[in-house]
Amino acid sequence: MSGNLLSAALDATARGWPVLPLRPGGKRPALHGENACTRTGPCAGGHVKWEQRATTDPDRIRHAWAAAPFNVGIATGPAGLLVVDLDRPKGRGSADTPCGVTTFQALCERAEQPVPTTRTVRTASGGRHLYFTAPDGVRLSNSAGTLAPLVDTRAWGGYVVAPGSHTPSGTYEVLGDAPPAPLPEWLYARLTVRQVVRGLMAAPVASGSSRRVTAALNAEIAAVHAAPEGARNATLLRATRALGRFVAWGEIPRHVVEDAFQGAGEAAGLPPAECRATITSALNWSIRTARTQGAA
């Protein structure tokens, strides 16, 4: 198995895509976190995160994969890729929930666009990864559920599990080995509209939102970005709760807050599903318990 995983890593780098080792049988990076950093070797000048440590150097890759049967992660941003992740529903009652493939097809139909033909990988859970080349000179970041339910994207700040990797759910397999197509312009337009909302802005984030609300949102996003490892989820929970009252008062749309904190949480290193669950719980609690605006 180790030889197959090494081949998978070298295959990705032959395409110019930097890779990183993932935990054997898992999907998380097999690199130390900031709290465990010894500030030696590559980190002598300060902790180097996984995206900066991803490499296309065959010697480094052979040395790393000789140590253990690591799964393979592709650092999408440095690879110049944007990968659309079509996930499957999880949990009870999921049998009646449309999967990401279905919701993405519906998105294409509403946009009057064909489903793109590009390199396609079947994920271990039965979902799909659609690989696209990112536009030149553009730094797209991750998104989660903003295009459609169960449709995420991975770009800068993200990675995907490469084909050939194994988890208890199955193996990642190439379904369509065509070269990645350029990201369709209509998808790019939808993603950039979302990311403008998610950035730190001086102007109000949505029609009717005051500068007071914008300042509060920006401050809490900055707190999530700055949270140390081990405190990120708790910081995300507290920050989202702090903004929930503005949603309850109708001063900012819920989806704007969700998008902003989803991006901040992922950029801080939290898994997308963990971000979504924390944000949903925090907003539900804050909206339910918010005092009337006059009383506040």
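Because the structure is a prediction, the values reported are computed rather than measured.

## Notes on the confidence of the model for the chain
Right, so step 1: Overall, the prediction assigns the chain a mean pLDDT of 86, with 90% of residues at 70 or greater.
Right, so step 2: With pLDDT under 50 throughout, residues 196-204 is counted as low confidence; its partners more than four residues away or in other chains account for 20 contacts.

## Details of the layout of surface pockets
Right, so step 1: Taken as a whole, the second largest pocket spans an internal volume of roughly 270 Å³.
Right, so step 2: Listed by contribution, the elements that provide at least two residues to the lining of the second largest pocket are β1 (19-22) and α3 (58-65).
Right, so step 3: For the lining of the second largest pocket, a count of residues per class yields ten nonpolar, two polar and two charged.

## Some words on the sheet that holds strand β8 (residues 159-161)
Right, so step 1: An order of β1-β2-β8 is seen for the three strands of this open sheet, with the pairing classed as antiparallel. At either end of the open sheet lies a strand with only one pairing partner, and these are β1 and β8. Averaged over all pairs of adjacent strands, the angle between their axes in this sheet comes to 35 degrees, without regard to strand direction.
Right, so step 2: The strands touched by α3 are β1 and β2 (71-75); relative to β1, the strand with the most contacts, the crossing angle is about 5 degrees.

## Overview of the environment of P21
Right, so step 1: One can find P21 in strand β1.
Right, so step 2: On a C-alpha basis, the gap between P21 and W65 in space is 7.7 Å, while along the polypeptide they are 44 residues apart.

## Side note on helix α8 (residues 254-268)
For an α-helix, 3.6 residues make a turn, and residues three or four places apart therefore share a direction.
Right, so step 1: The end-to-end C-alpha distance of α8 is 21 Å, a good match for the 21 Å that 15 residues give at a rise of 1.5 Å each.
Right, so step 2: Burial in α8 covers these residues: V256, V257, D259, A260, F261, Q262, G263, A264, G265, E266 and A268.
Right, so step 3: Note on α8: the residue one or two positions beyond its end, G269, has a positive phi of about 110 degrees.

## A few points about the nonpolar core
Right, so step 1: Within the largest apolar cluster, 27 residues are counted, with the highest numbers of intra-cluster contacts made by W17, V19, W65, V72, I74, L81 and Y131.
Right, so step 2: Contributing elements (two or more residues each) for this core: α1 (2-14), β1, α3, β2, β3 (81-86) and β8.
Right, so step 3: With four residues, the top contributor of residues to this core is α1.
Right, so step 4: Those residues within four positions of V72 in sequence are excluded, and the remaining contacts are L5, A8, A9, V19, L20, L22, W65, V160, V161, A162 and S165.
Right, so step 5: With 21 residues, the next largest nonpolar core counts V224, L236, V247 and V256 among its residues.

## Points about the packing of aromatic side chains
Right, so step 1: One pass over the full model with this rule turns up four aromatic pairs.
Right, so step 2: Plain terms: the ring middles of W50 and Y159 are 5.1 Å apart, the flat faces sit at 80 degrees to each other, and that makes the pair edge-to-face. With W50 in helix α2 (residues 50-53) and Y159 in strand β8, this pair connects stretches of sequence that are 109 residues apart.
Right, so step 3: Centroid distance W65 to F70: 6.3 Å. Interplanar angle 90 degrees. Geometry classified as edge-to-face. As far as burial versus exposure is concerned, W65 and F70 are alike and both buried.
Right, so step 4: If you follow R119 out to its NZ or CZ, it ends over the ring of Y131, 5.3 Å from the centre.
Right, so step 5: Stacked on the ring of W156, the Lys or Arg R139 has its end atom at 3.9 Å from the ring centre.

## What about the pattern of salt bridges?
Right, so step 1: Taken as a whole, this structure holds ten salt bridges when the rule is applied.
Right, so step 2: Across the salt bridge formed by D59 and R62, the nearest N and O atoms sit 3.9 Å from each other. Of this pair, D59 and R62 both sit in helix α3, three residues apart, which is roughly one turn of the helix.
Right, so step 3: You can call R62 partly exposed: its relative accessible area is 42%.
Right, so step 4: As a salt-bridge pair, E266 and R154 come within 3.8 Å of each other at their nearest N and O atoms. Taken together, the residues E266 in helix α8 and R154 in strand β7 (residues 151-154) connect sequence positions 112 residues apart.

## Some thoughts on the packing of helix α6 (residues 211-226) against α8
Right, so step 1: Viewed as axis vectors pointing N to C, α6 and α8 meet at an angle of 20 degrees, and their least axial separation amounts to 8 Å. In terms of their interaxial angle, α6 and α8 are classed as roughly parallel. In this structure, the crossing between α6 and α8 has a hand that is right-handed. For the pair formed by α6 and α8, the contact residues are L217, E220, I221, V224 and H225 on the first element and A260, F261, A264, G265, A267 and A268 on the second.
Right, so step 2: Classifying every residue of the contact of α6 with α8 by side-chain character gives eight nonpolar, two polar and one charged.

What counts and what doesn't
Residues numbered from 1 in each chain as written. Predicted model: local features only at pLDDT ≥ 70, side-chain atom pairs only at ≥ 80, totals over all residues. Heavy atoms only, no water. pLDDT = per-residue confidence, 0-100. Contact = heavy atoms within 4.5 Å. 1 Å grid on protein atoms, 1.4 Å probe; cavity = no way out; pocket = protein on both sides within 12 Å on 5 of 7 lines; lining within 4 Å. Points joined across faces, edges and corners; volume = space filled by probe spheres on them. Helix = DSSP H or I, 4+ residues; strand = E, 2+ residues; numbered from the N terminus. Nonpolar A, V, L, I, M, F, W, Y, C, P; charged D, E, K, R; others polar. Pairing = 2+ DSSP bridges. Axes fitted to C-alpha atoms, helices over the stretch in contact; angles between N-to-C directions. Expected span 1.5 Å × (residues − 1). Buried < 20%, exposed > 50% of the residue type's maximum accessible area, 1.4 Å probe, protein only. Core = buried A, V, L, I, M, F, W, Y, C linked by side-chain atoms within 4.5 Å. Phe/Tyr/Trp six-rings, centres within 6.5 Å; stacked < 30°, edge-to-face > 60°. Lys NZ or Arg CZ within 6 Å of the ring centre and 35° of its normal. Salt bridge = Lys/Arg side-chain N within 4 Å of Asp/Glu carboxyl O. Parallel < 35°, antiparallel > 145°, perpendicular 65-115°, else oblique. Left-handed = near helix turned anticlockwise from the far one by under 90°.

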